[in-house]
Amino acid sequence: MNRRKVGTEKEQTAAAYLRQQGMRIVEMNYRYKQGEIDIIGWESGYLTFVEVKYRKDERMGMPEEAVHIYKQRKICTGAKVYCYLHGMGADCPVRFDVVAISGERIRWYRNAFYMS
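Quick notes on the rules
- Residues numbered from 1 in each chain as written.
- Predicted model: local features only at pLDDT ≥ 70, side-chain atom pairs only at ≥ 80, totals over all residues.
- Heavy atoms only, no water.
- Salt bridge = Lys/Arg side-chain N within 4 Å of Asp/Glu carboxyl O.
- Buried < 20%, exposed > 50% of the residue type's maximum accessible area, 1.4 Å probe, protein only.
- Helix = DSSP H or I, 4+ residues; strand = E, 2+ residues; numbered from the N terminus.

*Asks:* I would appreciate a short explanation of the pattern of salt bridges in the present structure.
*Replies:* When their charged atoms lie close together, side chains carrying opposite charge are able to pair. A complete count under the given rule lists eight salt bridges for this structure. Between Lys10 and Glu9 there is a salt bridge whose closest N-O contact spans 3.8 Å. Among the residues examined, Lys10 registers a relative accessible area of 9% and is labelled buried. A salt bridge links Glu64 to Arg107; its shortest N-O distance comes to 2.9 Å. Taken together, the positions of Glu64 in the loop between β3 (46-55) and α2 (69-85) and Arg107 in strand β5 (residues 105-113) put the pair 43 residues apart, joining distant regions of the chain.

Following this line, the structure appears as structure tokens:
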């Protein structure tokens, strides 16, 4: 299976998990000039931007460790673009989460990082 197909499958797994936990997904694979945001949804009153990371095992490290500062900045840029294009003001409450999948284990980190 190629990497993109696996990535898409794991993003779908993460979205299903988030829906089960009460998140209302509004967009998946939101593309903007500098990149992509995997999942955007509403949860507990926050517009939530979610990065999904997958590793088949943890020999190469934990998947959440791959959401480094550079990736965080790209996601924050995408969030700003999304909010601007959708007419959401600076007072719109936003949150940045990470869903880490290791094998079949799913971990959801709310407030994994803050707007940079």
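Having put the structure on the table, let's press on.
*Asks:* Looking at this structure, how should I read unusual backbone geometry?
*Replies:* Note on backbone geometry: most residues besides glycine have negative phi, and most peptide bonds are trans. Even without glycine at this site, Ser44 takes up a positive phi of about 55°. Note that Ser44 resides in the loop between β2 (35-43) and β3. Unlike most non-glycine residues, Asn111 shows phi in positive territory, near 55°. Considering the arrangement of structural elements, one finds Asn111 in strand β5.

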